[in-house]
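Residues per chain, in single letters:
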Amino acid sequence: MSQAPVNDGTGPAADPLVVLNKVNKHFGALHVLQDIDLSIARGEVVVVIGPSGSGKSTLCRTINRLETTDSGTITIDGRPLPQEGRELARLRADVGMVFQSFNLFAHKTVLANVTLGQTKVRKKDRATAEATARTLLDRVGVGAQADKYPAQLSGGQQQRVAIARALAMDPKVMLFDEPTSALDPEMINEVLEVMQQLARDGMTMVVVTHEMGFARSAADRVVFMADGRIVEEAVPDRFFSNPRSDRAKDFLSKIL
Ligand code: ADP
Ligand code: MG
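What counts, and where the lines are drawn
- Residues numbered from 1 in each chain as written.
- Chains lettered and ligands numbered in written order.
- Predicted model: local features only at pLDDT ≥ 70, side-chain atom pairs only at ≥ 80, totals over all residues.
- Heavy atoms only, no water.
- Axes fitted to C-alpha atoms, helices over the stretch in contact; angles between N-to-C directions.
- Helix = DSSP H or I, 4+ residues; strand = E, 2+ residues; numbered from the N terminus.
- Parallel < 35°, antiparallel > 145°, perpendicular 65-115°, else oblique.
- Left-handed = near helix turned anticlockwise from the far one by under 90°.
- Contact = heavy atoms within 4.5 Å.
- Nonpolar A, V, L, I, M, F, W, Y, C, P; charged D, E, K, R; others polar.
- Pairing = 2+ DSSP bridges.
- 1 Å grid on protein atoms, 1.4 Å probe; cavity = no way out; pocket = protein on both sides within 12 Å on 5 of 7 lines; lining within 4 Å.
- Points joined across faces, edges and corners; volume = space filled by probe spheres on them.
- Near = heavy atom within 4 Å.
- Polar contact = N/O pair within 3.5 Å; in protein donor to acceptor, adjacent residues only side chain to side chain.
- Areas by Shrake-Rupley, 256 points an atom, 1.4 Å probe, with all protein chains shown as cover.

**Description of the packing of helix α4 (residues 126–139) against helix α5 (residues 155–167)**
Part 1: Put simply, α4 and α5 touch, their axes get as near as 9 Å, and they point 140° apart. In this view, α4 runs oblique relative to α5, as classed from their interaxial angle. Both α4 and α5 take part in a crossing whose hand is right-handed. Touching L136, L137 and R139 of α4 are V161, A164 and L167, all from α5.
Part 2: Grouping the amino acids of the contact of α4 with α5 by side-chain chemistry returns five nonpolar, no polar and one charged.

Here you go:
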């Protein structure tokens, strides 16, 4: 049975940066995203939570078209995201993505990892790109690791490099898909702290996470998904203290 979604968000985004309008996606017979409407304001931090298989990763992947959609529209900063082509490549560069598995280039140094996209995609010269890379590596606390290879770093350090690499493209929005799920517990906070700082600096962020402490402290809005739908959205205080939908109540009772 499908209920109308509960929406206690802050209303329509005043200055929307990312807008999904009636987005649908199937994997074969599986309707994995169902009429997703989501508008994310510039500078807003949206935390997406929900049970495994509810479509959170697919949602992230559609926002930068790692997945195509079947219907609906996605706009980034007022420009519709096409299904393919050059304009897609341009707009995709505005969307930074950080995955659960850090996905660094194993055969390149940390510095090279953070420099590559800048020279190849953003067409910066090497010296400028390296200077930016070093600044960003310092900012995420791994400046001293610049000349090492990913395998020489801890998981927490690798994930911070992955964040620096995404930031190096000067994205308008950053998507994080369970960025701490593959980390040993003692490394989770160092990554969350970098994300907290990014949020405070005004970055627009979509964060899929099971870290409810992060959701409470950093999110402007929590979006709860189940079975391919947005079932409930609200400011974190309201969502965690008084979830309205049965699905959210059930989910929170299992994890809190
Ligand atoms: P979540 O991130 O919330 O765990 P996903 O977006 O990864 O959920 O997956 C949603 C559903 O879509 C799941 O049932 C999953 O098995 C399915 N799915 C995800 N990716 C694919 C794919 N490439 N092909 C077929 N099914 C997929
Ligand atoms: Mg996922």
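Now that the structure has been shown, we can carry on.
**Concerning the sheet that holds strand β4 (residues 45–49)**
Part 1: Reading across the sheet, the seven strands line up as β1-β11-β10-β4-β9-β8-β7 and stay open at both edges, with mixed pairing between neighbours. Looking at the sheet topology across the chains shown, the edges are occupied by β1 (6–8) and β7 (95–98). Strand-to-strand twist of the sheet, defined as the mean angle between neighbouring strand axes without regard to direction, takes the value 20°.
Part 2: Note that β7 and strand β8 (residues 173–177) share four bridges and pair parallel. In the strand pairing of β8, V98 is matched with F176.
Part 3: Across the sheet, α5 touches β7 and β8, and the angle it forms with β7 is around 170°.
Part 4: Lying on the sheet, helix α9 (residues 246–255) is in contact with β4, β10 (221–226) and β11 (229–234); it crosses β10 at an angle near 100°.

**Examining the layout of surface pockets**
Part 1: Taken as a whole, the largest pocket spans an internal volume of roughly 760 Å³.
Part 2: Along the walls of the largest pocket sit 28 residues, with R92, A93, V95, V121 and M169 positioned nearest its centre.
Part 3: Elements with a minimum of two residues in the lining of the largest pocket: α2 (86–92), β7, α3 (110–120) and α5.
Part 4: For the lining of the largest pocket, the leading source of residues is α3, giving six residues.
Part 5: Broken down by class, the residue content of the lining of the largest pocket amounts to 16 nonpolar, five polar and seven charged.

**Examining the site of ligand 1**
Part 1: Close to ligand 1 lie F27, L30, V32, P51, S52, G53, S54, G55, K56, S57 and T58, which account for all nearby residues.
Part 2: In the environment of ligand 1, an oxygen atom lies 3.2 Å from a nitrogen or oxygen atom belonging to the backbone of S54.
Part 3: Taking S57, its main chain carries an N or O atom lying 2.9 Å from an oxygen atom of ligand 1.
Part 4: Across the complex, the protein chains shield 58% of the 560 Å² of accessible surface that ligand 1 would expose by itself.
Part 5: Of all the elements in the fold, those that place two or more residues in the shell around ligand 1 are β3 (30–41) and α1 (56–63).
Part 6: If one sorts the elements of the shell around ligand 1 by residue count, α1 sits on top with three residues.
Part 7: Considered class by class, the residues forming the shell around ligand 1 number four nonpolar, six polar and one charged.

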